[in-house]
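# Structural description and commentary
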Amino acid sequence: MTMSKYSKRRRAIQGISIALLLSIPLRFFCFDLEQECLRVFGMDFGLATMFYPLFAIVGLLLVVIVLSMKKGRIFCSHMCPMHMFLETVNSPKNKESDSRPVKVWIWSVVLSLFLTEVILSFFQPLDHQVKMIASGHLPIIGISVALLFGFMGLFVHYQEHFCKKGCPYALIQMLLQSDNTRFMEFANPEKTCTNCRGCDDICPFNLRARFESKGTDCTNCNLCAEACTTELGEDKTLFHLIDPQPAEGAAETK
Ligand code: SF4
Ligand code: SF4
């Protein structure tokens, strides 16, 4: 399957997101309780200056909100580890494979351990955590177990159902959605669809892409459009990302 420019950009942003998460266990971005400072990529901000990075974080959140209003569930398809997990375990190759449950478990354990460690190490370095757990420190044991099993439950059991019905970002996104928000359009004017189901098979959220891509569950990941290109040929995909322009009608962008 040919990867579009949109997907290449999306993959690059997913890589940056993983790198940002990794920076937390590596203690480049953390709250250092001993020094009482917020560390942001090597720069320490004490209690008096901590509001600078906090303002920057709030600013980034606002950027995500504004982008979500214009581009739809951009955070899901570009940054969320759950989407990356679903793209892997719900790929056409894995979806029909007998080994899917094993792969789901392996990826769930790896991601749950990673995300638990990301949250814990924002406050305590790994060696401190190990010492506290070994000495029977009940709060950290309880928090670690709750986070680990919580993430395992999401990855093993709820998967895309959590993204559609339970994720706080999805709920906020539903409120932000308007007639001006980007959507994935399916149009088959010349009846060229072969009903190959490639678009359905590749959808990480298990949507029936031709019928559900316009709804609030679609993350505008563009995978259905690429699967359709593979079936019908270059520039013949029946899916297009549309940015509605209220004044001038709809304009297509990538
Ligand atoms: S319908 Fe298409 S764009 Fe939407 S989530 Fe599924 S594969 Fe991605
Ligand atoms: S991938 Fe394209 S041709 Fe195949 S079922 Fe979907 S819309 Fe039709």
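Every chain is numbered independently, its residues counted from 1 as its sequence is written. As a convention, the first chain written is A and the first ligand written is 1, with the rest following in written order. Predicted model: local features are reported for residues with pLDDT of at least 70 only, side-chain atom pairs are reported and counted for 80 or more only, and whole-chain, interface and lining totals are derived from all residues. Water and hydrogen atoms were dropped before computing side-chain values, which therefore reflect all heavy atoms in the structure.

Looking now at the site of ligand 1. Nearness of a residue to a molecule or strand requires only that one of the residue's heavy atoms be within 4 Å of it. By nearness alone, every residue bordering ligand 1 is listed as M184, C203, P204, A209, S213, C218, T219, N220, C221, N222 and C224. Polar here means any residue other than Ala, Val, Leu, Ile, Met, Phe, Trp, Tyr, Cys and Pro, which are nonpolar, and Asp, Glu, Lys and Arg, which are charged; Gly is therefore polar. Grouping the amino acids of the shell around ligand 1 by side-chain chemistry returns seven nonpolar, four polar and no charged.

Now for the site of ligand 2. Close to ligand 2 lie F186, C193, T194, N195, C196, R197, C199, R210, C228, E231, L238 and F239. Of the residues belonging to the shell around ligand 2, the class tally is seven nonpolar, two polar and three charged.

Okay, the pattern of salt bridges next. Any Lys or Arg side-chain nitrogen found within 4 Å of a carboxyl oxygen on Asp or Glu counts as a salt bridge. Scanning the model with the defined rule gives eight salt bridges in all. Among the ionic pairs, R182 bridges to D243, the shortest N-O distance being 2.8 Å. Taken together, the residues span a long stretch of sequence, with R182 in the loop between α10 (168-176) and β4 (183-186) and D243 in strand β5 (residues 239-245) at a distance of 61 residues. Burial status follows relative accessibility: with a 1.4 Å probe on protein chains alone, a residue under 20% of its type maximum counts as buried, one over 50% as exposed, and anything between as partly exposed. Owing to a relative accessible area of 8%, D243 belongs among the buried residues under this scheme. For the salt bridge of D200 with R210, the shortest nitrogen-to-oxygen distance reads 3.4 Å. Placement of the pair is D200 in helix α11 (residues 198-202) and R210 in helix α12 (residues 209-212), with a sequence separation of ten residues. The same class applies to D200 and to R210, which are both buried. Each member of the salt-bridge network shares a partner with another, and the members are R10, R11 and E87. Per the convention used, a helix needs a DSSP run of H or I reaching at least four residues, while a strand needs a run of E reaching at least two, with both numbered from the N terminus.

Centres within 6.5 Å are what make two rings of Phe, Tyr or Trp a pair, Trp counting through its six-membered ring; a difference in plane orientation under 30 degrees is then read as stacked, over 60 as edge-to-face, and the rest as tilted. Taken as a whole, this structure holds eight aromatic pairs when the rule is applied. Seen in terms of ring centroids, F51 and Y52 are 4.6 Å apart; in terms of plane orientation they differ by 45°. Their pairing is tilted. Ring pairing ties together the aromatic residues F29, F41, F122 and F123, which thus form one cluster.

UniProt positions are given in the numbering used here, feature names are shortened, and annotations may be inferred rather than shown by experiment. What UniProt calls "transmembrane region" (unreviewed entry) maps, in this numbering, to residues 12-30, 50-69, 104-124 and 136-156. Measuring from the first to the last C-alpha atom of residues 12-30 gives 24 Å, for a span that is 58% helix and 11% strand. As annotated, residues 136-156 has a helix share of 90% and a strand share of 0%, and its two end C-alpha atoms lie 29 Å apart.

Side chains of strand β1 (residues 29-32) alternate between two faces, with F29 and F31 and C30 and D32 buried alike. At least two bridges found by DSSP between two strands are what make those strands a pair. Sheet analysis places β1 next to strand β2 (residues 37-40), joined by four bridges and oriented antiparallel. When the sheet's bridge partners are listed, F31 is paired in β2 with L38. What sits between the antiparallel neighbours β1 and β2 is a turn of four residues, in which E36 has the positive phi angle 50°.

Turning to the nonpolar core, a few remarks are in order. In this structure, M82, F85, F155, M184 and F239 are the most contacted members of the largest nonpolar core, which totals 29 residues. When residues of this core are traced back to their parent elements, those giving at least two are α4 (81-89), α6 (100-123), α8 (138-158), α13 (223-232) and β5. Domains are outlined according to an automatic or database domain assignment. Viewed by domain, this core spans two of them, domain 1 (5-174) and domain 2 (180-252), each represented by three or more residues. The term nonpolar core refers to a set of buried residues drawn from Ala, Val, Leu, Ile, Met, Phe, Trp, Tyr and Cys, joined through side-chain atoms within 4.5 Å. I24, F31, V40 and V118 belong to the second-largest nonpolar core, a separate cluster that totals eight residues.

Taken together, I16, I18, L20, L22, L26, F28 and F41 make up a surface patch of nonpolar side chains, about 640 Å² in accessible area. Judged by relative accessible area, I18 falls into the partly exposed class, the value being 30%. Patches draw on residues past 30% relative accessible area with no salt bridge. Two like charges within 9 Å are joined, as are two nonpolar side chains (Val, Leu, Ile, Met, Phe, Trp, Tyr) within 5 Å. Only the protein chains shown count as cover for residues, and the accessible areas themselves come from Shrake-Rupley with a 1.4 Å probe.

Let us now look at the domain arrangement of the protein. Once the domains are mapped, the protein shows domain 1 (5-174) and domain 2 (180-252). The distance between the C-alpha centroids of domain 1 and domain 2 comes to 28 Å. Here's the idea: put two parts together, see how much 1.4 Å probe accessible area each one loses, and the total over both is what we call buried area. For the pair domain 1 and domain 2, the two sides together bury roughly 1900 Å², of which 49% comes from carbon and sulfur. Throughout this description, a polar contact denotes any pair of N or O atoms lying within 3.5 Å of each other; where both atoms belong to protein, one of them has to be capable of donating a hydrogen while the other can accept it, and for residues adjacent in sequence the pair is counted only when both atoms sit in side chains. Across the domain 1-domain 2 interface, the total number found is 16 residue pairs in polar contact (both at pLDDT 80 or more). Breaking the side of domain 1 that touches domain 2 down by element, the ones donating at least two residues are α1 (5-22), α2 (51-71), α3 (74-79), α4, α5 (92-95), α9 (160-165) and α10. Here the side of domain 1 that touches domain 2 is built from residues that sort into seven nonpolar, eight polar and nine charged.

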